[in-house]
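Inside the fold
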Amino acid sequence: MEINLSQLKKGERATIIDFNIEEIPLKLLEMGCLPGNSIELIQIAPLGDPLYYCINDAHVAIRLETAIEISIIKEQI
Amino acid sequence: MQEILVYIALFIAVGFLVKKFFWKKSTKKSKSCGDDCACH
Amino acid sequence: MAQKNIKVALIGNPNVGKTSVFNQLTGLNQQVGNYPGITVEKKQGFAKLSNDVRAKIIDLPGTYSLNASSIDENVVIELLLNKKDEDFPDVAVVVTEVENLKRNLLLFTQIKDLEIPAILVINMSDRMKLKGIELDIPFLEQELKTKIALVSSRKKIGIDTLKNLILNYEDLSIEPCLNSSSIDPEYFDKLRKTFPNQLLYKLWLVITQDVNFLNLERNEIKSAFTKSHSDLKRLQQKETIKRYQFINDTLKIGQKIDKSKASGIQAKLDRILTHKVFGYVIFFFILFAIFQSIFEWSTIPMDFIDESFAHFSNYAKTHLPVGKFTDLISEGIIPGIGGIVIFIPQIAFLFLFISVLEESGYMSRVVFLMDKIMRRFGLSGKSIVPLISGTACAIPAIMSARNIENWKERLITILVTPFTTCSARLPVYAIIISLIIPEEKVLGFLSLQGLALMLLYLIGFFMAIFSSWLLDKFLKLSCKTYFVVEMPSYKIPMFKNVAINVLEKTKAFVFGAGKIILALSVILWFLGSHGPTKDFDNAEQIVEKDILANNLVLEPSLIETKVNTYRLEHSYIGIIGKAIEPAIKPLGYDWKIGIAVVTSFAAREVFVGTLATIYSVGANDDEDDMQNTIKKRMQAEINPVTGEKVFNFATGISLLLFYAFAMQCISTLAIVKKETNSWKWPIIQLVVMSGFAYIVALIAYQILK
């Protein structure tokens, strides 16, 4: 089931499906946030934002507003 | 003699400050990173 | 014998240890300057490769790719696109890190597309075993069409190999490793036909971003080949995917990772350091420790410097031939230099802590923790770095705002940073607090004076936050916010890197701000020791006449003080002071304080020095330490009209508040001008902050008096 990245829970893994190209900074793409790559939520900041992910082996923090624009499919464990 | 040295020192000091703060008005390039956010 | 120079550009992502490699290659043989017109730090150094060949190494700012998103990154592209630049490299050394090879290689493939000879450095190779990583170097060299140096800058391994590769750079292939134009063959074919003499990838970079490109008319290219913003971005995405495909395919064969060996230290540390509660507790504990140590540890060297300069000044006065120039040296130049040197301990300590926090990777966690809170006030999590550094000096702090990508957040950060209590305010606060706050303890252990000082720090920080909230409301800049922060793995800071950083930053302060302070103290001394009228020159006779007329019998030292005071009143500076007195009287200041306030607009710490000059301290007593003497004089100052003490509680509070809010630092204004590229913002800063300071000081004095 396709959900957006902000719905991922801590410790869960998923695969990136697509994103709204207008809203995603190029820098994030270059860090490996591309369709087909895996993503894991590592930590949520105290007030629920920003979010700290491991994308394609890179550790990156992004804001909630960016996470909403990325759609993913959860990996079955 | 000492008087002259004092004036030279003063002249250097004033000259330095003027050069530092007012002389460099000609910035080499004006980027579009002004008031808008089009810097990337 | 003629030496051969090879120009080398050191390029790499942030956090790959590029600077360590640079430090290992060049040792202390390096210099830091600025790129013309912008304040991006330009670091270069030299390395000896063989008896007659030397490498000139430029450490370019860290960048994730050749698609720039900040001024720092722009520098990289502009240099690599411009063959005519005197620094255009003969060879590019791309530094990557063994654990993040995949991501780091993206930049490498882009550099290869520019057809510049490139050497690949894989840094932190000492961690390979630990992380269970194996690399097939010959295969990678073949696929990436380069030579690889496995380096550990921490353990000093592989530096000689790298030097050898640089020496033989002419053997390197300049063939790109992949054909990136296949993402839109039609478009790129057209481009190629129109500009047959230009490198395709160069054209593409010029089209996609805002860089100066000298030998090509940018507009010409742009108008013929423009595409909508989102089309271009889609192409850039395609390009990125294509590059990653190539990298993944290459690494699938060339790199083997034993996942079981991947240790979870970073995850464990992150769980604690970014924890909802502990995260903040640890952060505030670290901050507290930093401030404590800055103030505790630097008192000893500062006192020492203070005393040494006082002695030195006296020595010069007594041993040089009597005359005006000697006065200038002993009363103007030596105290002036002392006023700069005295800040070195505090600034060095602060930079020490900041560079340790940055090197270790902890700073990114603080950014992560604070982002949401800071954003409520129109700032970014990244603003925390300038705001903390601002407690040392606003100048480097404002420069560190550069890595905030969003222009609005960056601008607000630059504008509010001068509110944080910088170390130059400290001497002013210290002396006024000691005058108006009794030396008592609250609850038996908290010093009242210490609490007052802490309160002033809090006021400064609160004002910074409050004004950014206001600016956020009123600045009509709709910027696409975007926030991407890499969380680097934790590392133990390398002593050499930290030491060099502290040294460079301190040097920059001493020679940057220092020159200004020195020049001003020369001018101040001149204005204080010269006058336009006969009254100034004949001060001694006039005072003596006055004493005789009133039949007073005074001690010689008192007479001297009277003469000095009279002289000062009739010097240029006295005349200026008297002229501004009406404006500052409602704040509770007399003309002497007025002069000190005015001269503080050059740099705040001048305040104490000016008062020292004005109250002619050090003229007759050399044994007392300076601070005490100024204090005594200030305490003894009586308002001739009311007969009350000049430095009473109301005036003191009014002064403290004025110094907390006023924009009194020319150097900061100059840096703001540079960073915002306009006079508008520094002028607004000057007017608004100082105007606000005036009003607050006025209200405080009128209520308290």
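Residues numbered from 1 in each chain as written. Chains lettered and ligands numbered in written order. Predicted model: local features only at pLDDT ≥ 70, side-chain atom pairs only at ≥ 80, totals over all residues. Heavy atoms only, no water.

Looking at the packing of aromatic side chains
Residues and elements named next belong to chain C. Selection criterion: What counts as a ring pair is set by centres within 6.5 Å for rings of Phe, Tyr and Trp (its six-membered ring), and what kind of pair is set by the plane angle: stacked under 30 degrees, edge-to-face over 60, tilted for all other angles. Definition used: whenever NZ (Lys) or CZ (Arg) falls within 6 Å of the ring centre and also within 35 degrees of the ring normal, the charge is taken to sit over that ring.
Using the criterion set out here, one finds 12 aromatic pairs over all chains in the structure. Considering the side-chain rings of Phe658 and Tyr659, the 6.2 Å spacing of their centres and the 70 degrees angle between planes classify their relative orientation as edge-to-face. Each residue in the set Tyr187, Phe188 and Trp204 is aromatic and connected to the rest through ring pairs, giving one cluster. The residue whose ring lies beneath Arg54 is Phe46, and the NZ or CZ to ring-centre distance is 4.1 Å. Seen from the ring of Tyr490, Arg365 lies directly overhead, with NZ or CZ sitting 4.1 Å from the centre.

A closer look at helix H6 (residues 159–167) of chain C
To keep things clear, this is the line we draw: For the exposure calls, accessible area comes from a 1.4 Å probe over protein chains only, and a residue counts as buried if that area is under 20% of its type's maximum, exposed if over 50%, partly exposed in between. Segments assigned H or I by DSSP are reported as helices when at least four residues long, segments assigned E as strands when at least two residues long, and all are numbered from the N terminus. When we speak of the arc, we mean the arc of directions from the helix axis to the C-beta atoms.
Those residues of H6 of chain C lying buried are Ile159, Leu162, Lys163, Leu165 and Ile166 of chain C. Down the axis of H6 of chain C, the sector holding all buried residues measures 160 degrees, keeping them to one side.

Examining the interface of chain A and chain C
It is common to give the size of an interface as the accessible area lost on bringing the parts into contact. For clarity, the cut-off: Pairs of residues are marked as contacts when any of their non-hydrogen atoms sit within 4.5 Å. Simply put, the buried area is the total loss of 1.4 Å probe accessible area from both parts when two parts are fitted together. By definition here, a salt bridge exists when the distance from a side-chain nitrogen of Lys or Arg to a carboxyl oxygen of Asp or Glu is within 4 Å. In the analysis that follows, any N or O atom pair within 3.5 Å is treated as a polar contact, provided that within protein one partner can donate a hydrogen and the other can accept it, and provided that, for residues neighboring in sequence, both atoms belong to side chains. Gly counts as polar in this scheme, as do all residues outside two lists: the nonpolar Ala, Val, Leu, Ile, Met, Phe, Trp, Tyr, Cys and Pro, and the charged Asp, Glu, Lys and Arg. Between any two strands, pairing holds if DSSP finds at least two bridges.
At the junction of the two partners, chain A supplies 33 residues and chain C supplies 45 residues. By the criterion of area lost to chain C, the three top residues of chain A are Lys27, Glu30 and Arg63 of chain A, representing 21% of everything that side buries. The tally of links from chain A across to chain C stands at five salt bridges. Arg375 of chain C is the salt-bridge partner of Glu65 of chain A, the closest N and O atoms lying 3.7 Å from each other. There are 16 residue pairs in polar contact (both at pLDDT 80 or more) connecting chain A and chain C. Elements with a minimum of two residues in the side of chain A that touches chain C: helix H1 (26–30), strand S3 (38–44), strand S4 (51–55) and strand S5 (58–62) of chain A. The class makeup of the residues in the side of chain A that touches chain C is 21 nonpolar, four polar and eight charged. One ladder, built from three bridges, connects S5 of chain A with strand S12 (residues 484–486) of chain C; its direction is antiparallel. Looking at the pairing, Ala61 of chain A lines up with Val485 of chain C of S12 of chain C.

What about the arrangement of the chains?
There are two pairs of chains in contact here, and the one with the most contacts is chains A and C. Regarding chain A and chain B, the two do not touch, and the least distance separating their C-alpha atoms is 10 Å.

Describing the side chain of Asp270 of chain C
By the secondary structure assignment, Asp270 of chain C is in helix H11 (residues 265–273). Aside from chain neighbours lying at most four places away, what touches Asp270 of chain C is Gln43 and Tyr52 of chain A together with His275, Arg365 and Tyr490 of chain C.

Re a positive patch on the surface
Put simply, the test is: Here, patches come from residues exposed beyond 30% relative accessible area and free of salt bridges, joined within 9 Å for like charges and within 5 Å for nonpolar side chains (Val, Leu, Ile, Met, Phe, Trp, Tyr). Surface accessibility in these figures is a Shrake-Rupley result with a 1.4 Å probe; residues are shielded only by whichever protein chains are displayed. Neither His nor the chain termini are counted; the positive set is Lys and Arg, and the negative set is Asp and Glu. By convention, charge coordinates are those of NZ in Lys, CZ in Arg, CG in Asp, or CD in Glu.
The grouping of Lys10 of chain A together with Lys268, Arg271 and Lys276 of chain C at the surface amounts to a positive patch. Position of Lys268 of chain C relative to the elements: it lies in helix H11.

Some details on the domain arrangement of chain C
All names here are of chain C. Worth spelling out the cut-off: Per the annotation, domain bounds derive from an automatic or database assignment of domains.
Under the domain assignment, chain C is made up of domain 1 (4–260), domain 2 (278–474) and domain 3 (495–704). Spacing between the C-alpha centres of domain 1 and domain 2 amounts to 38 Å. At the interface, seven residues of domain 1 touch four residues of domain 2. At the surface where domain 1 touches domain 2, the tally comes to zero salt bridges. Counting the contacts that link domain 1 with domain 2 gives zero residue pairs in polar contact (both at pLDDT 80 or more).

Side note on helix H8 (residues 200–208) of chain C
Most of H8 of chain C sits inside the fold, with nine of its nine residues counted as buried. The set of residues buried in H8 of chain C consists of Leu200, Tyr201, Lys202, Leu203, Trp204, Leu205, Val206, Ile207 and Thr208 of chain C.

Let's talk about the pattern of salt bridges
This structure, assessed with the given rule, holds 20 salt bridges over all chains. The closest approach of N and O atoms between Arg103 of chain C and Glu486 of chain C, which form a salt bridge, is 2.9 Å. With Arg103 of chain C in helix H3 (residues 101–113) and Glu486 of chain C in strand S12, this residue pair connects regions lying 383 residues apart in the sequence. For Arg103 of chain C, a relative accessible area of 5% corresponds to the buried category. Across the salt bridge formed by Asp113 of chain C and Arg243 of chain C, the nearest N and O atoms sit 2.9 Å from each other. Pair noted here: Asp113 of chain C is in helix H3 and Arg243 of chain C is in helix H10 (residues 229–254), with a separation of 130 residues, a long-range link. Exposure class is identical for Asp113 of chain C and Arg243 of chain C. Each is buried. Residues joined in a network through salt bridges with shared partners are Asp49, Arg63 and Glu65 of chain A together with Asp371, Arg375 and Glu409 of chain C.

Some words on the environment of Lys317 of chain C
All names here are of chain C. Note that Lys317 resides in helix H12 (residues 278–319). Overall, Lys317 belongs to the partly exposed group, its relative accessible area being 34%. If we ignore the near neighbours within four places in the chain, the residues touching Lys317 are Thr326, Asp327, Ser330 and Glu331.

Structural notes on the environment of Ile703 of chain C
Tracing the chain through its elements places Ile703 of chain C in helix H31 (residues 680–704). Accessibility expressed as a relative area gives 64% for Ile703 of chain C, which makes it exposed.

Examining the environment of Ser355 of chain C
All names here are of chain C. Here Ser355 is to be found in helix H14 (residues 344–360). Separated by 336 residues in the primary sequence, Ser355 and Gly691 have C-alpha atoms spaced 35 Å apart. Residue contacts for Ser355: discarding those within four places in its chain leaves Val498, Asn501 and Val502.

Description of the pairing of S5 of chain A
All names here are of chain A. Counting buried residues along S5, five of its five residues qualify, which places the element largely inside the surrounding structure. Alternating positions in S5 separate into two faces, Ala58, Val60 and Ile62 on one and His59 and Ala61 on the other, with burial throughout. Counting the residues in the hairpin turn of S4 and S5 gives two residues, including Asn56, whose phi is positive at 50 degrees.

Some words on the packing of helix H5 (residues 137–144) of chain C against H10 of chain C
All names here are of chain C. We count it as follows: Angular values range over 0 to 180 degrees, each being the angle between N-to-C directions of two axes fitted as lines to C-alpha atoms, with helices fitted over their stretch in contact. The scheme is simple: roughly parallel for angles under 35 degrees, roughly antiparallel for over 145, roughly perpendicular for 65 to 115, oblique for anything else. A crossing counts as left-handed when the near helix is turned anticlockwise from the far one by less than a right angle, and as right-handed when that turn is clockwise.
Direction vectors running N to C along H5 and H10 enclose 160 degrees, while the axes themselves pass 9 Å from each other. Looking at the two axes, H5 sits roughly antiparallel to H10. Crossing of H5 over H10 shows right-handed handedness. Along the contact surface, H5 presents Phe139, Leu140, Glu143 and Leu144, while H10 presents Phe246, Thr250, Leu251, Ile253 and Gly254. When its residues are assigned to classes, the contact of H5 with H10 shows six nonpolar, two polar and one charged.

Concerning the pairing of strand S1 (residues 4–12) of chain C
Residues and elements named next belong to chain C. In the sheet, S1 pairs with strand S4 (residues 53–59) via seven bridges, with the strands oriented parallel. Each bridged residue has a counterpart across the sheet, and for Ala9 the counterpart in S4 is Ile58. Pairing of S1 with strand S5 (residues 91–97), which is carried by five bridges, proceeds in the parallel orientation. By the bridge assignment for S5, Val8 is matched with Val91.

Considerations on the nonpolar core
Worth spelling out the cut-off: Side-chain atoms within 4.5 Å link the members of a nonpolar core, which is a set of buried Ala, Val, Leu, Ile, Met, Phe, Trp, Tyr and Cys residues.
Counting 112 residues, the largest nonpolar core has Ile384, Tyr589, Phe607, Leu655 and Phe658 of chain C as the members making the most contacts within it. Broken down by element, the residue count for this core peaks at nine residues, all from H12 of chain C. Lining this core are residues from two domains, each supplying at least three of them: domain 2 (278–474) and domain 3 (495–704) of chain C. Residues in contact with Phe607 of chain C, not counting those within four places in the same chain, are Val428, Ile432, Ile593, Ala596, Val597, Ser600, Leu655 and Tyr659 of chain C. Grouped together as the second largest cluster of nonpolar side chains are 84 residues, Ile55 and Val60 of chain A together with Val75 and Tyr244 of chain C included.

Thoughts on the packing of helix H26 (residues 591–599) of chain C against helix H29 (residues 649–661) of chain C
Residues and elements named next belong to chain C. For the pair H26 and H29, the least separation of the axes is 12 Å and the interaxial angle reads 15 degrees. Here H26 is positioned roughly parallel relative to H29, judged by the angle of their axes. Between H26 and H29 the crossing geometry is right-handed. Between H26 and H29, the contacting residues are Ile593, Ala596 and Val597 on the first element and Thr651, Leu655, Phe658 and Tyr659 on the second. Here the residues of the contact of H26 with H29 are counted per class, giving six nonpolar, one polar and no charged.

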